[in-house]
Amino acid sequence: MFNNLDSKVSAAIVLGISFVLSAMVGGHAFVSSKALQDQISVTGSAMKDITSDTAKWKVEISNATGLTDIGTGNAKMKSDLAALQKYLAAKGITKDMITVAPVIVETRLDYQNGSAPIGYTLRQDVTVEGKDVEKLTTVAQNSSALLSQGALVTTVSLEYYYSKLSELRVEMMGEAMKDAKKRADAIAQSVGSSVGALREASMGVLQVTAVNSMDVTDYGTYDTSALKKTVTAVVRASFAVR
């Protein structure tokens, strides 16, 4: 008799605990749902096409020598540099636009003969940078004329930059926030609500790509190969909902 009573009491206790747990879980779900209903989170963006205002042309002068004629190779490097500087001066490029790096000497090895030295390679980097983008582009494109003079000058890269990107970033973040507000308003109005105060906002990375390019990354990108670029700014914002 007592065992039967104990069983009934235990069952009642278990059932009671189950009701309490169910009420707690249900109550938590209700509170969470209510908390989610009083705000809306959206992403806003802004895009603008720009034209680069700075060009940077990087070239390399190089010469390969044997083990005993490195002096002759160095003289050739000086001659090729002089030819490049004369070419640039004739095209209206001033000295303050030119940066000449020191000559680097690399030992060439014969890996099929126990890595024995067989000669040297001399390299020198020259960078030309300026605001006259059109002129620098033309100078770079016509630089093959130096090869006909026997000067081993090779283009490494021709890069384009926009010097006012910092100021543009501030402007575009404001435009992206306006876009986020419009999106939030549209969503809220579709369910008969309205958007209240801004609760939280964060800026995404800036994407600077070639026009019509989709080459973006999570950490941002800056395309330097294209003269004309598209800048995209993104913001994430949360607004109160009334």
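Being a predicted model, the structure only gives us computed values, none of them experimental.

Caption draft 1: Inspection of the nonpolar core at higher detail. If you look at the biggest cluster of nonpolar residues, it comprises 24 residues, and the most contacted ones within it are Trp-57, Leu-84, Leu-88 and Ile-93. If you list the elements that add at least two residues to this core, you get strand E2 (54-65), helix H2 (70-90), strand E5 (116-130), helix H3 (133-141) and strand E6 (153-161). Take this core: its biggest share by element is six residues, from H2. Apart from the residues within four sequence positions on either side, Ile-93 is in contact with Leu-88, Ile-98, Val-128, Lys-135, Leu-136 and Val-139. Ranked by size, the runner-up nonpolar core spans 20 residues in total, among them Val-42, Val-195, Val-208 and Val-231.

Caption draft 2: Inspection of helix H4 (residues 165-190) at higher detail. An ideal rise of 1.5 Å per residue puts 38 Å on 26 residues; H4 measures up with 37 Å between its terminal C-alpha atoms. When H4 is considered as a whole, its buried residues turn out to be Leu-165, Leu-168, Met-172, Met-173, Ala-176, Ala-180, Ala-184 and Ala-188. Against strand E1 (39-51), strand E7 (195-203), strand E8 (207-210), strand E9 (221-222) and strand E10 (228-241) lie the buried residues of H4. Of the residues trailing H4, Gly-192 is marked for its positive phi of about 75°.

Caption draft 3: Just unusual backbone geometry, in detail. Positive phi, normally seen in glycine, also occurs at Ser-115, with a value near 60°. Relative to the assigned elements, Ser-115 resides in the loop between strand E4 (104-110) and E5. A residue is classified by how much of its surface remains accessible, and Ser-115, at 33% relative accessible area, is partly exposed. In the Ramachandran plot, Asn-212 falls in the positive-phi region, its phi being about 70° despite a non-glycine side chain. In this structure, Asn-212 sits in the loop between E8 and E9.

Conventions used here
Think of each chain on its own: its residues are numbered from 1, step by step along the sequence as written. Two thresholds apply to this predicted model, a pLDDT of at least 70 for residue-level local features and 80 or more for giving and counting side-chain atom pairs, whereas whole-chain, interface and lining totals are computed over all residues. Values shown for side chains rest on all heavy atoms present in the structure; no hydrogens or waters enter the calculation. Joining through side-chain atoms within 4.5 Å is the link that ties buried Ala, Val, Leu, Ile, Met, Phe, Trp, Tyr and Cys residues into a set, and such a set is a nonpolar core. Throughout this description, buried means an accessible area under 20% of the type-specific maximum (1.4 Å probe, protein chains only), exposed means over 50%, and partly exposed covers the range between. A run of DSSP states H or I qualifies as a helix once it reaches four residues; a run of E qualifies as a strand once it reaches two. Both are numbered from the N-terminal end. Note on contacts: a residue pair qualifies if any of its non-hydrogen atoms lie within 4.5 Å across the two residues. The span one expects for a helix is its residue count, reduced by one, times 1.5 Å.

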